[in-house]
Amino acid sequence: MRVLTLDDFDLRGKTVFLRVDMNCPIDPDTMEIMGTRRIEEVVETLKALPESKVVVASHQGRVGNKDYTGMDKHAEVLQKMMNQEIKYVEDVIGKSAQDAIRGLGDGEILLLDNLRLCAEENYEFTPENAADTIMVKRLYKLFDLCVLDSFPSAHRSHPSIIGFPQMLPACAGRVAEREVRNLDEIMTVAKAPHVIVLGGSKIPDRIEAIKMLIQNKRADHILLTGLIGNVFMRAQARIKSPLGIKREDEVVAKAHALIGEYPDIFATPVDVAIDKDGERVEMDVREMGKGDCILDLGPKTIEYYSKLISGAGTVFISGPAGKFESKNFEYGTRELLKAVANSMATTIVSGGHLTTALKQEGLAGRINHVSTAGGALVLYLTGKKLPMISALEEAARRI
């Protein structure tokens, strides 16, 4: 990674725009933060800026989703971790935010509200167009430096990630710097067979990544779970009812094409768990009725996947196996993580839900690399250049 770091600048008394990713798992019923690993990571970079005026910026959730919320609770968690006041403003680019930024003193920290309250932050841009957004044009003159430390969203071309580096000196924060260094070291020693365990719900991203992983010889076996597993089972005609997801026909057709092109690579669940009157009920996929909603893997699938994991040279796992936030349906996610931790392979665990589960199980120390990044890490392993990394490299070239 040919980029600048915090060590390349004297930041005493400087006002810093620090783009992080504190997008945390949120309990859909209580709206409380369930896992704080991504907030913990922010502390490392903030500790390296003790004499700067730091403005922390992050998103939380997607518009329309249950985890789309303000950042006030993130501010409370960060304040406890930092053991100092974290100023917070319910604004992003308006007068309140600008006044709060101008009012910062050396060593003070301000957290802006959810960046996605700004419509522009919900779209992808070219670097030039990102720099021309209202967000960037209103704020960049208030800062001396842009620090990008949002590796989990490094694959997004949003204004806060690729716009500010067009207008300001920019460098990587401690988390982004460490992520790329560690991953590059791991991938130089990674060996076959490569077993990829993919769950989660961001289907278009996952399908793109799957094809690239196969083509770049990073996937000998792909074990599918979660909603992406359901899409592939629908493509196999093993799930008869519509899944009710966006662009379903399109993504199922793409899954079907991948199965046809690479028939020996994919593994899908043979048994699953559903909810019946508030209870976990396990069944063979062939026994599922119309309207049954898959919420977790069944024991036969876990045993099957665990055997493939035990024979791997390299294992990469990203995304929960089901409705991990529910006690009744966390079993599959936890058992797969145990299988990964017990394997002799080089292991990489990716994503906020999985890092939370690892910590709860006390397994993090048995994994070669643990990353809160999900989709960004998957794409990085395919060899794809991520927009945030490109923006940092371009900023370094300019300087």
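Refer to the structure presented above.
Parameters and conventions
- Chains are numbered independently. Their residues run from 1 in the order of the written sequence.
- Only residues with pLDDT of at least 70 are given local features in this predicted model, and only at 80 or more are side-chain atom pairs given and counted; all residues enter the totals for whole chains, interfaces and linings.
- Excluded from the side-chain calculation are hydrogens and water; included are all heavy atoms of the structure.
- Comment: elements are numbered from the N terminus, with helices defined as DSSP H or I runs of at least four residues and strands as E runs of at least two.
- Radius of gyration here uses only the C-alpha atoms, and the compact-globule reference equals 2.2 Å multiplied by the residue count raised to the power 0.38.
- When accessible area is computed with a 1.4 Å probe and restricted to protein chains, residues below 20% of their type maximum are described as buried, those above 50% as exposed, and intermediate ones as partly exposed.
- Per-residue accessibility takes into account occlusion by the displayed protein chains alone, with areas from the Shrake-Rupley method and a 1.4 Å probe.
- Note on charges: Lys and Arg go in the positive column, Asp and Glu in the negative column, and His and the chain ends are not counted at all.
- Every charge is mapped onto a representative atom, which is NZ of Lys, CZ of Arg, CG of Asp or CD of Glu.
- Should DSSP find at least two bridges between two strands, the strands are taken to pair.
- As used in this record, nonpolar core signifies buried Ala, Val, Leu, Ile, Met, Phe, Trp, Tyr and Cys residues forming a set joined through side-chain atoms within 4.5 Å.
- Two residues form a contact once any of their heavy atoms are found within 4.5 Å.
- All axes are obtained by fitting lines to C-alpha atoms, using only the stretch in contact for helices, and the reported angles, taken between N-to-C directions, cover 0 to 180 degrees.

A. How the structure looks around the overall build of the chain. Looking only at helices and strands, one finds 15 helices and 15 strands in the chain. Taking 2.2 N^0.38 as the reference for a compact globule, 399 residues should give roughly 21 Å; the C-alpha atoms of the chain span a radius of gyration of 21 Å, in line with that estimate. With 399 residues in all, the chain has 57% of them scored as buried. Accessible surface computed for the chain: about 17100 Å², of which carbon and sulfur atoms make up 48%. Each charge class in the chain can be summarised by its mean position, and for the 51 positive and 56 negative side chains these summaries are 3 Å apart.

B. Spatial organisation of the pairing of strand β5 (residues 145-148). Alternating residues of β5 divide into L145 and V147 and C146 and L148, and every residue in both groups is buried. Here strand β1 (residues 15-19) pairs with β5 via four bridges, running parallel. In the sheet register, R19 faces β5, and the bridge partner there is L148. Where β5 meets strand β6 (residues 170-172), three bridges bridge the pair, whose relative direction is parallel. Bridging across to β6, C146 finds its partner in A170.

C. How the structure looks around unusual backbone geometry. For the peptide bond that leads from A192 to P193, omega is -5°, which places it in the cis range. Take P193: it is sitting in the loop between α7 (174-189) and β7 (194-198). Of note in this structure, K217 is not a glycine but carries a positive phi near 60°. By the element assignment, K217 lies in the loop between α8 (203-215) and β8 (221-224). Among the residues examined, K217 registers a relative accessible area of 68% and is labelled exposed. A positive phi angle, close to 55°, is found at D277, a residue other than glycine. Considering the arrangement of structural elements, one finds D277 in the loop between β10 (271-276) and β11 (279-284). Its relative accessible area of 80% is what places D277 among the exposed residues.

D. Representation of the nonpolar core within the structure. Ranked by size, the top nonpolar core spans 77 residues in total, and within it F151, F164, I210, I222, F232, F266 and M388 carry the most contacts. Those residues within four positions of I210 in sequence are excluded, and the remaining contacts are L198, I222, L224, I228, F232, L258 and F266. Counting residues in hydrophobic clusters, the runner-up holds 29 residues, among them L4, L18, V20 and V77.

E. Geometry of the sheet that holds strand β14 (residues 346-350). In spatial order, the strands read β9-β8-β7-β13-β14-β15; together these six strands make up an open sheet with parallel pairing. Looking at the sheet topology across the chains shown, the edges are occupied by β9 (266-267) and β15 (369-371). Bridging between β7 and β8 involves four bridges; their strand directions are parallel. Bridge pairing links V195 to H221 in β8.

F. Just the sheet that holds β6, in detail. Strand order in the open sheet formed by six strands is β3-β4-β2-β1-β5-β6, with parallel pairing between adjacent strands. The open sheet has two edge strands, β3 (86-88) and β6, and neither has a second partner. Taking each pair of neighbouring strands and ignoring which way they run, the sheet shows an average axis angle of 25°. When strand β2 (residues 53-57) meets strand β4 (residues 109-111), the two strands line up parallel, connected through three bridges. Looking at β4, one finds that V55 is bridged to L110. Where helix α6 (residues 159-167) meets the sheet, it contacts β1, β5 and β6, and its direction lies at approximately 145° from that of β5.

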